[in-house]
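Given next are the chains, with one letter for each unit.
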Protein chains: 2
Amino acid sequence: KFFFDSGSAWFCVFAVGIWTGVTSAVVDIGEGWMSDLKFGLCQRNFWLNREHCCWAIPSHNCTDWQTWPQIFGADHSMVGHFAVDFGFYVTFAVSMAVFAAVLVVFIAPYAAGSGIAEIKCILSGFVIRRYLGVRTYAVKMFGIILSSASGLSLGKEGPAVHLASCIGNITSRWFPKYANNEAKKREILSASTAAALSVAFGAPIGGVMFSLEEASYYFTFKTLWRSFFCALIAGLAVRGVNPWGNSLPTLYHVEHTIRWVVPELIPFVVIGILAGLLGSAFIKLNMALCAWRKSSSISKHPIAEVAFITFVTTILAYSNPFTKMSSSLLIRQMFNNCGKDSTPEFCYGYPLESGNVFYYILGALVLKFIFTTVTAGIKVPAGLFVPNIAVGALLGRLVALSTQWLVNNVISVDSYKGYCKMGENCVTPGLYAIVGAAAVLSGVMRMTVTLVIIMFELTGSIEFVVPTMIGIMFAKWVGDATHPVGIYEAQIDLCGYPFLDNRDDETVEASVGDLLAVKPNRELIVLEQAAISVGRLVTLLRDTSFCVFPVVTSQEEMIVVGFIDRVHLERQLAAQVVPDQNATVVFGSNAISAGPGCLHWEKLVDMAPICVNVHMKIEIVVEMFRKLGLRQVLVTNNGHLLGVITKKDLLKFVRHN
Amino acid sequence: KFFFDSGSAWFCVFAVGIWTGVTSAVVDIGEGWMSDLKFGLCQRNFWLNREHCCWAIPSHNCTDWQTWPQIFGADHSMVGHFAVDFGFYVTFAVSMAVFAAVLVVFIAPYAAGSGIAEIKCILSGFVIRRYLGVRTYAVKMFGIILSSASGLSLGKEGPAVHLASCIGNITSRWFPKYANNEAKKREILSASTAAALSVAFGAPIGGVMFSLEEASYYFTFKTLWRSFFCALIAGLAVRGVNPWGNSLPTLYHVEHTIRWVVPELIPFVVIGILAGLLGSAFIKLNMALCAWRKSSSISKHPIAEVAFITFVTTILAYSNPFTKMSSSLLIRQMFNNCGKDSTPEFCYGYPLESGNVFYYILGALVLKFIFTTVTAGIKVPAGLFVPNIAVGALLGRLVALSTQWLVNNVISVDSYKGYCKMGENCVTPGLYAIVGAAAVLSGVMRMTVTLVIIMFELTGSIEFVVPTMIGIMFAKWVGDATHPVGIYEAQIDLCGYPFLDNRDDETVEASVGDLLAVKPNRELIVLEQAAISVGRLVTLLRDTSFCVFPVVTSQEEMIVVGFIDRVHLERQLAAQVVPDQNATVVFGSNAISAGPGCLHWEKLVDMAPICVNVHMKIEIVVEMFRKLGLRQVLVTNNGHLLGVITKKDLLKFVRHN
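Fair warning: this is a prediction, and the values are worked out from it, not measured in the lab.

Q: Sorry, what's going on with the overall build of chain A here?
A: If you tally the helices and strands in chain A, you get 27 helices and 11 strands. Put simply, chain A has 657 residues, and 60% of those count as buried. Restricting the contact set of chain A to residue pairs at least 6 apart, pairs at least 24 apart contribute 76%. With the model as given, the accessible surface of chain A reaches about 27400 Å², and the carbon-plus-sulfur share is 61%.

Quick look at the structure:
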């Protein structure tokens, strides 16, 4: 029994790990191919992307890969070349985005967005039916391939978390231990979440920390270890399927030679402050936009909206060299340093020859920020990680350029002599970009340790931990001061999910009695344990919408016997051919007045309700709801029932105080 | 208010970080000097250790450092040299250990051992007065310098955790936010714990995970971030104070070229299984020894015991080349590979020339294991990390030697051809030692993710994560199967602290009623809210030892009003000159029979007790105790009080079922 139980847990996370890894590899390969399809096609094998089409062939000799102008013979006239190239590019981009939107709107509406906000709610105990089903999984997988290939400003890491949660949910149905136990199932979902982000960033510990810090509500020590295992298996699986994969760890790999000096902490603090402001601005704008979208007539034409936004994004992105390239390439180049192997366009000194790189980067930052704000919320699968990393990297480079300019022009190099030699670049802009990326993510999502660890795993050097921490810390402080919650909590608020945030202390100076006094729906409907007829029960269920009914000894005494779920009552009433509408229903096993002909429904009653005293402090009640995963408590005083408090009542009260 | 609150939290962890770092550096420097004192003295400046005495001088030219035989002119006769050398060595070792024991026994008994078990209890809400005081701190600091310099088989990492907790406790007294709030203070203690282990292993993330996985009971997200900050500050502080420090990260640094192949997973599993068995054996033997020590007359002569064990350890350690050297040096050499820079004595092939290295390592393993088992529990500050790492490294090398022998002699090299070339060593013994160290720690302490992360941070390569995880996983499985709990939980059991383990699910199929039925002390003493005289109250307090008394409406009705702490009652009785022993005390604010001349003690009563229903499942009650940090609950049925369940009652019941 012990070995079977323990074994099924490990087998389940093993299966989830493999499946998550394979899904991630499929999405990577699909997106790579689709993304290249905007530019051309492999003539030998059409299913190969540019890289694999020209595998082991120098790119200028690779005749197998043909661009659309080449295929259509429009390569010789410059106007024709541009028309075919740009035409195909825009057409493919818009069609892919529209196809993704069609899939989402008509087949699985839950596949839209990143899904992390909803998964937070699910992991806190809220049930959203079909959110983690097979259909959502399939649509999200194809949708994210299409939408990320379309060139919209979105990432595939958030959706990967949703995909992995679907996988966790579907897999856990095969194991009896998990199929019928929601709490246990959440353990598997936590592990899936960890695996998804581990694979997305090639950072196993970072993934587990993400699950712990951001996604999961309850996180036991068993889950910790299994999440780690799941993350590792997923990492091995993705390497097995897609060994050439241009996975993010390679993408973000940074040379170990980067060094920083103590005075640079000032620009890092500046990055942090700007990132915090940017993060809050993003949340505020995005929320305003989402609210406006909901209320306006746009909400009736989601597909047209996607088409329009894709079209505008594609056109505008062409105007700036930094937005023209893919986000991954942009990030890779921003994280690079100004050394022998780097692209000179991003580096200080370049502007002297050809226009001012500072303004280009600033322009790209503004464009990326606007694209990301507008894109988050449209009806395609869309994550927030990569776009915000791009914004952060641009911000970091901007601060690096400014610092370099300050050092060269304002501060005499002599006073800075201990730190850098004349003529050399004193600033390592790649490091600034890394700090910026982490800080903007922190400003938007309000994560902390997870981001430090992900950056640590990506760069592999403890040297970067201090700058990253400084940036993240200031971003979080400034962010919290300008907008109280992160983007996921804001989305949860917007959707009205009952989510009791477990990150901050509630300091409400009130008691349960104060809550009961202001509760809008104050009427207390109770069932007497042996004095209610079937007919009355049916009327009661029809007239009220309460989810639970307390059972008491009698209306006069009001001593709590237990409580009963509406669902159970309805099911019982539906199942049974009721002989007599006037038959008395008995709920309490110790009811004395149970005469003959009574219906004994004691089994429906939960005899051990959680009760709180009317004098109890709200803070303690909040703790109980959070930590024990309650949905309601009964309020008593001296043994007498005074009312019922649901999670929603509590949330509303805490928010208004 | 917000900024002051938040600021004081950060300032507090900052101070703790600095102080912890400085303490760690002082202990390191002190131990280095004392350790070298056994061999000789720096003639130029007696306060320098050998390394700093001969700083920048080639060791054979360093005349400043003189060994005892040189100082006493006994260097020319071999017998004299040996006599002086060995005599000083043994004398210093025994005196240091005895001095440490004297400090512990006469000044601060709580400074003995590692203290991690007690800190686990403290972090779970148990109060041990003076355990984290200034006196314990001072004695532990000097004691650990002495005891680890004496050459006993013990480490200074566990005591570092205790030291940091003292620092956290002392520092938090300066901040009003923490001084009067035990729950908040525990947050600081969690951060201190993280900082201590971070500094000890140079692994900031590993330290935080240690606090999360092993030490802390409640761990909020705020704590996570502050612990990380504290760990980082401590790391910077230790570098500031002791920049030459031979800190562990350097000690354990491994070349990045180590590779492993899939068939090697089999020896890694073998290491895991052996480590699990070794871990359980260690716990069982150590517990048996501690129990025997407690019952026998040895417990009356702790200092003599320390002297005896140190003497025997010193003599026996001389018999084996691997135990002769310090644990740190042993571990460093075991973790090294057999390459150009390594010491050949540990490598395969060496035995062909001079005796069998296998038996030497086996002998060292047995000796180290016995030393560690005997040492854990004597009255000096003593940690378990380093000795167990040494045991594990020896075990790993042993398996590596066996594997190499198998590959060379039993398995034909041809069938292994894909993996290693003839004549080369197929096995990288340093990696085996790392896996062994992690696995034995897991077998002894039953930690998992923490160990993977520490190993990851020490080696800096993701390559080692898989072997380490395999070793740890099997060690934990085998360990759990042969001895249910880790060493710290076993110590907690032995000491009888009320600690409700939060790592495993209790699957007790019983209700609160079942517990009440078997509760040994079943008599229910209640206070009536308005019908007890002062005299009766005094008698009650004298005759019973309950910590809390429930207050009810009346003996007949038994409806719960609240409960009252014994301490509050006693204090009130002591403070007040009671006018009349027959005066009635009123506890309930809604008591009707409150006549004139009554004493109104309503303020002493906690009007919002946590009550559970008699039908409630024990599992849920356990969750409530764990997650809400309760000490007792009142049991009711239909509003009537049936009994009180304390944490100890619950612990006893859960253990017996």
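Q: What exactly am I supposed to notice about the environment of Thr171(A) here?
A: Residues and elements named next belong to chain A. For Thr 171, the location among the structural elements is in helix α7 (residues 157–172). Linking Thr 171 and Lys 185, residues 14 residues apart in sequence, is a C-alpha distance of 9.7 Å. Among all residues touching Thr 171, those that are not within four sequence positions of it are Cys 12, Ala 15, Val 16 and Trp 19. Here Ile 167 takes part through its backbone oxygen, which lies 2.6 Å from a polar atom of the side chain of Thr 171.

Q: Explain the sheet that holds strand β7 (residues 584–586) of chain A to me, please; I cannot follow it from the model alone.
A: To summarise the sheet geometry, strands pair through backbone hydrogen bonds and adopt either a parallel or an antiparallel arrangement. Residues and elements named next belong to chain A. Spatial strand order, β4-β7-β8: three strands in an open sheet with mixed pairing. Two strands in the sheet have a free side with no partner beyond their single neighbour: β4 (532–533) and β8 (599–600). Bridge count between β4 and β7: two bridges; the pairing is antiparallel. The residue bridging Ile 532 from the neighbouring strand is Val 585, located in β7.

Q: Can you help me understand the relation of the copies chain A and chain B in this one?
A: Overlaying chain A with chain B gives an RMSD of 0.1 Å, the required rotation being 180° about an axis along which the chain moves by 0.1 Å. When the rotation and shift are considered jointly, the pair of chain copies conforms to a two-fold rotation axis. Identified as the residue of chain A closest to the rotation axis by C-alpha distance is Gly639(A), at 2.0 Å.

Q: So what exactly am I meant to see when it comes to the interface of chain A and chain B here?
A: Think of interface size as the accessible area that goes away when the parts come together; that is how it is often given. Between chain A and chain B, the residue contacts involve 49 residues of the former and 49 residues of the latter. Buried surface at the junction of chain A and chain B, summed over both partners, amounts to about 4900 Å²; 76% is from carbon and sulfur atoms. When the buried surface of chain A facing chain B is broken down by residue, Phe221(A), Trp225(A) and Asn638(A) rank first, second and third, together holding 16% of it. Summed over the shared surface of chain A and chain B, the result is zero salt bridges. The tally of links between chain A and chain B comes to three residue pairs in polar contact (both at pLDDT 80 or more).

Q: I keep staring at α7(A) and nothing clicks. Help me out?
A: For the α-helix, the turn length of 3.6 residues means that residues three or four positions removed from each other point alike. With 16 residues, α7(A) extends 22 Å from end C-alpha to end C-alpha; this agrees with the ideal 22 Å at 1.5 Å per step. Taken across its 16 residues, α7(A) has 16 buried, putting it largely inside the fold.

Q: What exactly am I supposed to notice about the packing of aromatic side chains here?
A: Pairs of aromatic rings are described using the distance from one ring centre to the other and the angle between the two planes. Within this structure, the stated rule accounts for 46 aromatic pairs over all chains. Between Phe126(B) and Tyr497(B) the ring centres are 5.5 Å apart and the planes differ by 55°, which places this aromatic pair in the tilted class. Residue Phe126(B) is found in the loop between α5 (116–123) and α6 (134–149), and its partner Tyr497(B) is found in the loop between α22 (487–495) and α23 (512–518); the two are separated by 371 residues along the sequence. Taking relative accessible area as the criterion, Phe126(B) reaches 25% and is therefore assigned partly exposed. One aromatic cluster in this structure is built from Trp10(A), Phe11(A), Phe14(A), Phe175(A), Phe229(A), Phe474(B) and Trp477(B). The cationic tip of Arg226(A) hangs over the ring face of Trp10(A); the distance from NZ or CZ to the ring centre is 5.7 Å.

Q: What's the story with the sheet that holds strand β5 (residues 548–552) of chain B in this structure? I'm lost.
A: Residues and elements named next belong to chain B. Read from one edge to the other, the open sheet built from four strands follows the order β3-β5-β6-β9, with strand pairing classed as mixed. Looking at the sheet topology across the chains shown, the edges are occupied by β3 (527–528) and β9 (605–606). Bridging between strand β6 (residues 560–565) and β9 involves two bridges; their strand directions are antiparallel. In the strand pairing of β9, Ile 564 is matched with Val 605. Running over the sheet, helix α25 (residues 566–575) touches β3, β5 and β6 and is turned about 70° from β6.

Q: Teacher, can you tell me more about the pairing of β5(B) here?
A: Working note: regular strand, side chains alternate between the two faces of the sheet. Residues and elements named next belong to chain B. Within β5, five of the five residues are buried, leaving the element largely enclosed by the surrounding structure. Alternating positions in β5 separate into two faces, Val 548, Pro 550 and Val 552 on one and Phe 549 and Val 551 on the other, with burial throughout. Sheet topology note: the β3/β5 ladder contains two bridges and is parallel. The residue bridging Leu 527 from the neighbouring strand is Val 551, located in β5. Taken together, the five bridges between β5 and β6 define a ladder with antiparallel strand orientation. For Val 548, the partnering residue across the bridge sits in β6 and is Asp 565.

Q: Even after reading the chapter, I still don't get the pattern of salt bridges, so can you show me in this structure?
A: Opposite charge on two side chains allows them to pair when their charged atoms are near. Residue and element names in this part refer to chain A. In the structure shown here, the tally under the stated rule is 24 salt bridges over all chains. Here Arg 566 ties to Glu 570 by a salt bridge, and the two come within 3.0 Å at their closest N and O atoms. With Arg 566 and Glu 570 both in helix α25 (residues 566–575), this residue pair falls four residues apart, about one helical turn. Overall, the relative accessible area of 14% leaves Arg 566 in the buried class. Owing to a relative accessible area of 38%, Glu 570 belongs among the partly exposed residues under this scheme. Among the charged side chains, a network of salt bridges with common partners joins Asp 28, Glu 31 and Lys 156.

Conventions used here
- Residues numbered from 1 in each chain as written.
- Chains lettered and ligands numbered in written order.
- Predicted model: local features only at pLDDT ≥ 70, side-chain atom pairs only at ≥ 80, totals over all residues.
- Heavy atoms only, no water.
- Helix = DSSP H or I, 4+ residues; strand = E, 2+ residues; numbered from the N terminus.
- Buried < 20%, exposed > 50% of the residue type's maximum accessible area, 1.4 Å probe, protein only.
- Contact = heavy atoms within 4.5 Å.
- Areas by Shrake-Rupley, 256 points an atom, 1.4 Å probe, with all protein chains shown as cover.
- Polar contact = N/O pair within 3.5 Å; in protein donor to acceptor, adjacent residues only side chain to side chain.
- Pairing = 2+ DSSP bridges.
- Least-squares fit on C-alpha atoms with pLDDT ≥ 70 in both.
- Buried area = accessible area lost by both parts, 1.4 Å probe.
- Salt bridge = Lys/Arg side-chain N within 4 Å of Asp/Glu carboxyl O.
- Expected span 1.5 Å × (residues − 1).
- Phe/Tyr/Trp six-rings, centres within 6.5 Å; stacked < 30°, edge-to-face > 60°.
- Lys NZ or Arg CZ within 6 Å of the ring centre and 35° of its normal.
- Axes fitted to C-alpha atoms, helices over the stretch in contact; angles between N-to-C directions.

Coordinates in, geometry out; function isn't part of it.
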